[in-house]
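Residues per chain are reported as follows:
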Amino acid sequence: MNRQVFLNDTTLRDGEQAPGVAFTAAEKLELAESLAAAGVPEIEIGTPVMGTDEIEAIRAAVARRLPVRLTAWCRMTSQDLDAAIETGVSAVNLSLPASDIQLAAKLGIDRGAALQVIEHMVGRAAARGLFVAVGCEDASRAERDHLTRVIQTAAGAGARRVRLADTVGVLDPFSTFELVARLATTSPIDLEFHAHNDLGLATANTLAAIRGGASHVSVTVGGLGERAGNAALEEVAAALTVLDGVDTGINLTALPDLAAQVARAARRSTAAIKPVVGSDVFTHESGIHVAGLLKDSRTYQGLDPAMVGRRRRIVIGKHSGATAIAHVLSENGREVDPDLAAAMVARVRRKAAETKSTVTAAQLVDLYDGLCSASAGRTLKTE
Ligand SMILES: CC(=O)SCCNC(=O)CCNC(=O)[C@H](O)C(C)(C)COP(=O)(O)OP(=O)(O)OC[C@H]1O[C@@H](n2cnc3c(N)ncnc32)[C@H](O)[C@@H]1OP(=O)(O)O
Ligand SMILES: O=C(O)CCC(=O)C(=O)O
């Protein structure tokens, strides 16, 4: 794909909306600095209307003059916009529901009234010299022609971008592509897609949105966010690089540390199998895989760990074969006697099954030395 894609990281806004997550002002600032250092071009920094603490935290981030756009999330109300203006940010995302379900239940207004609110509030924010994005909450369940009218109204009033949110995570990559492609053909301004991961499709939908014409996508570190979270920054950045050759400007090698920093501040652990940043995603145990990898790493490696600042790791366990065992033993000063290889595989398998764990290098050496002694004893007896 030959065009630029911009990541809007919302770890500090939607990420912090994850249950029980509460970043301190200092953590918010440190995370904003790390995100900027990693090359993220835009950060949704928070929700000013939450009160003075949030306003102060955002103000502190603004004062750092980081080389990123800091955007404040606002409902489409004067109260929210005024709070955002107090923070000193240069950009706001003014959000209004787009679906009939949310317009009726939350605000008690219809589509026509929603368009009037957009025209008025976007005009007000733009007149203050702010970069204005309009957030269409629940766009995935909105009537399509209404979305087109929202985009036209927002653009006419001075908005520079419209964000289409799959707020409850009900799109799949096909419906995402269809939605975004349809709107992109007539949109006079940039489109952003904001995914949620309720069905495990956030990253896939984000990639589909980009194919459909979205120039911007919302992401969070580790996918942290409401309910099942958002599209993970590290997954989207790595996938765009590996699959589409798109340079997002993100330093991929910074992602593991960034994920650890967010996990610490969020008091959340990172799953071992979490793509890109999980502890085990570049670790191999299966005999067939290790034997292949040792000949050519491309056999079982779709993402080069070095690309994201990680290293391949080989461990010994229930599924190890003779090649892997010989390899690890050789690294630990033992050259395996070919006559003992099969017996060694059986011993390793038994040990791993008993301990329900991997076999450490020290344990492996012990097992091998024990096997050698037993074998030497048998030889002596037969002589
Ligand atoms: C999908 C998303 O992620 S949306 C973002 C969600 N983020 C948050 O909720 C941030 C944290 N929230 C808060 O701190 C508080 O809810 C506040 C400060 C925003 C509002 O607090 P309160 O005044 O106590 O309102 P409360 O939380 O009870 O209800 C939300 C109100 O916002 C209104 N509202 C919701 N979305 C919008 C919108 N886009 N535009 C205008 N009003 C809206 C609701 O209708 C409701 O109004 P009501 O009290 O008249 O019914
Ligand atoms: O309207 C927006 O800006 C997006 C809000 C959001 O986080 C969502 O709808 O999931």
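Residues numbered from 1 in each chain as written. Chains lettered and ligands numbered in written order. Predicted model: local features only at pLDDT ≥ 70, side-chain atom pairs only at ≥ 80, totals over all residues. Heavy atoms only, no water.

Undergrad: Could you give me a rundown of the overall build of the chain, with the residues and numbers involved?
TA: The helix and strand tally for the chain stands at 14 helices and 10 strands. Against the compact-globule benchmark of 21 Å for 383 residues, the chain has a radius of gyration of 26 Å, which places it well outside the compact range. Principal axes of the C-alpha set define a box for the chain whose edges measure 100 × 40 × 35 Å. Counting only residues that meet the buried cut, the chain has 51% of its 383 residues in that class. For the chain, contacts bridging at least 24 residues in sequence account for 71% of all contacts bridging at least 6. Total accessible area computed for the chain in this model is approximately 17,200 Å², and 52% of it derives from carbon and sulfur atoms. A gap of 3 Å separates the mean positions of the 40 positive and 45 negative side-chain charges of the chain. (Helix = DSSP H or I, 4+ residues; strand = E, 2+ residues; numbered from the N terminus. Rg over C-alpha atoms; globule rule 2.2 N^0.38 Å. Buried < 20%, exposed > 50% of the residue type's maximum accessible area, 1.4 Å probe, protein only. Contact = heavy atoms within 4.5 Å. Areas by Shrake-Rupley, 256 points an atom, 1.4 Å probe, with all protein chains shown as cover. Lys, Arg positive; Asp, Glu negative; His and termini not counted. Charge placed at Lys NZ, Arg CZ, Asp CG, Glu CD.)

Undergrad: Before we move on, can you summarise the pairing of strand E5 (residues 131-137) with the specific residues and values?
TA: Each regular strand carries side chains that alternate between the two faces of the sheet. The buried fraction of E5 amounts to seven of the seven residues, a majority that puts the element mostly inside the structure. Side chains Phe131, Ala133, Gly135 and Glu137 project from E5 onto one buried face, and the interleaved Val132, Val134 and Cys136 project onto a second face that is buried too. Summarising the sheet, E5 and strand E6 (residues 161-165) pair through four bridges and their orientation is parallel. Paired with Val134 across the bridge in E6 is Val162. (Pairing = 2+ DSSP bridges.)

Undergrad: Pulling in residues and values, what's your account of the UniProt feature "domain: Pyruvate carboxyltransferase" (unreviewed entry) in the chain?
TA: This chain's UniProt record puts "domain: Pyruvate carboxyltransferase" (unreviewed entry) on residues 5-256. Here residues 5-256 runs as 44% helix and 17% strand, with 21 Å between its end C-alpha atoms. (UniProt positions renumbered as here; feature names shortened; annotations may be inferred.)

Undergrad: Lay out the site of ligand 1 in plain terms, naming residues and giving numbers.
TA: As a structural note, the neighbourhood of ligand 1 is formed by 15 residues, with Arg13, Gln17, Arg75, Ser95 and Lys106 the closest of them. Contact with the protein chains removes 53% of the 1,000 Å² of surface that ligand 1 exposes when unbound. Only strand E3 (69-75), strand E4 (91-97) and helix H4 (100-107) provide two or more residues apiece to the shell around ligand 1. Considering every element that reaches the shell around ligand 1, the biggest residue donor is E4, with three residues. When grouped by side-chain class, the residues that make up the shell around ligand 1 number seven nonpolar, four polar and four charged. (Near = heavy atom within 4 Å. Nonpolar A, V, L, I, M, F, W, Y, C, P; charged D, E, K, R; others polar.)

Undergrad: Can you break down the site of ligand 2 residue by residue, with the values?
TA: Residues in contact with ligand 2 amount to 13 residues; listed here are only the nearest, Arg13, Asn93, Ser95, Thr167 and His196. Thr167 is positioned such that a nitrogen or oxygen atom in its side chain is 2.5 Å from an oxygen atom of ligand 2. Taking His196, its side chain carries an N or O atom lying 2.8 Å from an oxygen atom of ligand 2. The fraction of the free accessible surface of ligand 2 (300 Å²) that becomes covered by protein chains is 95%. In a pocket analysis with a 2 Å cut-off to the grid points, ligand 2 is assigned to the largest pocket. Those elements that place two or more of their residues in the shell around ligand 2 are E4, E5 and E6. Among the elements that make up the shell around ligand 2, the one with the highest residue count is E5 (three residues). By residue class, the composition of the shell around ligand 2 is three nonpolar, six polar and four charged. (Polar contact = N/O pair within 3.5 Å; in protein donor to acceptor, adjacent residues only side chain to side chain. 1 Å grid on protein atoms, 1.4 Å probe; cavity = no way out; pocket = protein on both sides within 12 Å on 5 of 7 lines; lining within 4 Å. Sits in = over half its atoms within 2 Å of the grid points.)

Undergrad: Provide a residue-level description of the environment of Ala343, including the pertinent values.
TA: Mapping Ala343 onto the fold places it in helix H13 (residues 341-355). In sequence terms Ala343 and Leu115 are 228 residues apart; their C-alpha atoms lie 75 Å from each other.

Undergrad: Go over the domain arrangement of the chain, please, and point to the residues and values.
TA: Under the domain assignment, the chain is made up of domain 1 (6-266) and domain 2 (283-382). The C-alpha-based centres of domain 1 and domain 2 are spaced at 47 Å. Between domain 1 and domain 2, the contact holds five residues from the first and seven residues from the second. For the pair domain 1 and domain 2, the summed buried surface comes to about 460 Å²; carbon and sulfur atoms form 80% of the total. When the buried area of domain 1 at its contact with domain 2 is split by residue, Val242, Leu252 and Thr253 rank highest and sum to 63% of it. The interface formed by domain 1 and domain 2 holds zero salt bridges in total. Linking domain 1 with domain 2 are zero residue pairs in polar contact (both at pLDDT 80 or more), by the criterion used here. Across the side of domain 1 that touches domain 2, the residue classes tally to three nonpolar, two polar and no charged. (Domains from an automatic or database assignment. Buried area = accessible area lost by both parts, 1.4 Å probe. Salt bridge = Lys/Arg side-chain N within 4 Å of Asp/Glu carboxyl O.)

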